[in-house]
Amino acid sequence: MSALSDQLVTFAILAYLVAMISHAVEYALGNARKVAVAAPARELVGAGVGGPGGTVEEPATPATAAATRAERSAARAALAGRIAAWITALAAALHLGAVVTRGIAAERMPWGNMYEFVLTVTWIGAAAWLVVLWKQPSLRRLGLFLTLVMVLLLAFAELKLYVQVVPLMPALQSYWFIIHVSTIIFASGIFLLGVVPAVAYLMRAGWERGKRSFPYTLARRLPAAAGLERLTFTLHAFAFPIFTFAVIAGAIWAEAAWGRAWGWDPKETWAFISWVVYAGYLHARATPSVKRNVATWIAVVGFLTMLMNLFGVNFFFTGLHSYAGVN
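Residues numbered from 1 in each chain as written. Predicted model: local features only at pLDDT ≥ 70, side-chain atom pairs only at ≥ 80, totals over all residues. Heavy atoms only, no water.

## As for the nonpolar core
In terms of nonpolar packing, the biggest core is built from 83 residues, with Tyr16, Leu142 and Phe145 touching the most fellow members. Among the secondary structure elements, those contributing two or more residues to this core are helix H1 (2-28), helix H2 (62-106), helix H3 (114-135), helix H4 (143-161), helix H5 (175-208), helix H6 (225-258), helix H7 (266-285) and helix H8 (292-316). Sort the elements by how many residues they give to this core and H5 lands first, with 18 residues. With sequence-adjacent residues up to four places away left out, Tyr16 is seen in contact with Thr88, Ala91, Ala92, His95, Ala126, Thr147, Met150, Val151 and Leu154. (Core = buried A, V, L, I, M, F, W, Y, C linked by side-chain atoms within 4.5 Å. Buried < 20%, exposed > 50% of the residue type's maximum accessible area, 1.4 Å probe, protein only. Helix = DSSP H or I, 4+ residues; strand = E, 2+ residues; numbered from the N terminus. Contact = heavy atoms within 4.5 Å.)

Below you can see the structure in the form of structure tokens.
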């Protein structure tokens, strides 16, 4: 089962990569628009001119030819986008298979180290994206950036974080392990998805304000900034209460395991920092005097603190949570 899990991860990465390429094709052709050009036939009245009725059809003009090309380009873009969405669903299915078989091989929940944590968080992000795509197909072009994130994180996990399946260490053998870690993973996966429209919004908003330098040019074919901002808020508002519960559950578990609810361990400290930043984002988003782009920047900073908690703390600090590293 462990070998099968490894193979499924590889296949999932390749599928996400193919989906990303398909999204890139849709993105590249995304400026095409269907143009209706009237090209009425010209009536020529005369004896025997043009056959019965004396009519001939005017040859196709450059305008009609351009409209035809635009229609074909738009059709190809739509087809590429649909293919990308289906391949993303296939990749998510392979991804889920990798998580499940890893758990079966370990005979426990597959969250015992950084590799397994990243593997599960990225699947939550991909699954949540498919739900968003089902609800709002017009946001499909965001899939280019989501699949890029999937490829990068899964490849990093495979190359740098991978460890063999090992039993769960005694410190983690508690029902609080399932309660605390599952909610942290779920919230982290939603935050992972949430940062994609957040960054896209910042680029698109700049484009709509007339900025034509990099990276704003990347956003010229993205959905409208207002829709991206609403999606960003919806995802963060959904994930934040779950993240709050996860932090509280971690404190309860710490009290039971170590005799204290909070000890400013590096991971606890950065979890608190993340909570404060995300709370600040939601507060800023609800404050009319705070501009939406300022609030969105706070959300991006929040995700950076989550990355610091996952990678920076485990690689550069030691503490009671050191077992979560690559060991």
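Anyway, onward from the coordinates.
## Concerning H8
Taking 1.5 Å as the rise per residue, H8 with 25 residues should run 36 Å; its terminal C-alpha atoms sit 34 Å apart, in good agreement. Maximal helix bending in H8 amounts to about 35 degrees, located at Met308. (Expected span 1.5 Å × (residues − 1). Bend = angle between axes of the 7 residues up to and from the residue.)

## Description of a nonpolar patch on the surface
Together, Met1, Leu4, Leu96, Val100 and Ile104 make up an exposed nonpolar region whose accessible area comes to about 420 Å². No other element matches H2, which puts three residues into the nonpolar patch. Mapping Val100 onto the fold places it in helix H2. A residue is classified by how much of its surface remains accessible, and Val100, at 43% relative accessible area, is partly exposed. (Patch = residues over 30% accessible without salt bridge, like charges linked within 9 Å, V, L, I, M, F, W, Y side chains within 5 Å. Areas by Shrake-Rupley, 256 points an atom, 1.4 Å probe, with all protein chains shown as cover. Salt bridge = Lys/Arg side-chain N within 4 Å of Asp/Glu carboxyl O.)

## A short note on the side chain of Arg285
Among the structural elements, Arg285 can be located in helix H7. Exposure remark for Arg285: the relative accessible area of 14% places this residue in the buried category. One polar contact links Arg285 to Glu229, side chain to side chain, over a distance of 2.5 Å. Each residue touching Arg285, except ones within four places of it in the same chain, is listed here: Glu229, Phe233, Arg292 and Ala295. (Polar contact = N/O pair within 3.5 Å; in protein donor to acceptor, adjacent residues only side chain to side chain.)

## Re the pattern of salt bridges
This model, assessed by the stated rule, comprises six salt bridges. Of the charged contacts, one joins Arg102 and Glu116 as a salt bridge, the two residues approaching to 2.8 Å between their closest N and O atoms. Here Arg102 is found in helix H2, whereas its partner Glu116 is found in helix H3, with 14 residues between them in sequence. A relative accessible area of 1% places Arg102 in the buried class. We classify Glu116 as buried; its relative accessible area is 0%. Residue Glu229 pairs with Arg285 through a salt bridge whose shortest N-O separation is 2.5 Å. One end of the pair, Glu229, is in helix H6; the other, Arg285, is in helix H7, with 56 residues separating them in the sequence. Taken as a pair, Glu229 and Arg285 share a single burial class, namely buried. A single network of salt bridges, built from pairs that share partners, joins Arg102, Arg108 and Glu116.

## Concerning the confidence of the model for the chain
Taken residue by residue, the chain gives an average pLDDT of 85. The fraction at 70 or more is 84%. The low-confidence segment residues 32-49, where pLDDT is below 50, has 28 contacts with residues more than four positions distant or belonging to other chains. (pLDDT = per-residue confidence, 0-100.)

## Describing unusual backbone geometry
Residues other than glycine predominantly adopt negative phi, and peptide bonds predominantly adopt the trans conformation. Cis rather than trans, the peptide bond between Phe214 and Pro215 has omega equal to 5 degrees. On the secondary structure map, Pro215 appears in the loop between H5 and H6. Residues other than glycine seldom take positive phi values, yet Glu107 does so here, at roughly 60 degrees. With respect to the element layout, Glu107 can be found in the loop between H2 and H3. Looking at Glu107, the relative accessible area reads 74%, which means it is exposed.

## Concerning the packing of aromatic side chains
Going through the model one piece at a time under the given rule, you end up with ten aromatic pairs. Ring centres 6.1 Å apart and planes at 45 degrees place the aromatic pair Trp111 and Phe177 in the tilted group. Of this pair, Trp111 sits in the loop between H2 and H3 while Phe177 is found in helix H5, placing the two residues 66 residues apart along the sequence. Both residues of the pair, Trp111 and Phe177, count as buried. Centre to centre, the rings of Phe177 and Trp253 are 6.5 Å apart; their planes meet at 70 degrees, and the pair counts as edge-to-face. In this pair, Phe177 is assigned in helix H5 and Trp253 in helix H6, connecting sequence segments 76 residues apart. Taken individually, Phe177 and Trp253 each receive the classification buried, so the pair is uniform in this respect. Site record: aromatic cluster; members linked through ring pairs are Trp111, Phe177 and Trp253. Between Arg212 and the ring centre of Trp207, over which it is positioned, the NZ or CZ distance is 3.5 Å. (Phe/Tyr/Trp six-rings, centres within 6.5 Å; stacked < 30°, edge-to-face > 60°. Lys NZ or Arg CZ within 6 Å of the ring centre and 35° of its normal.)

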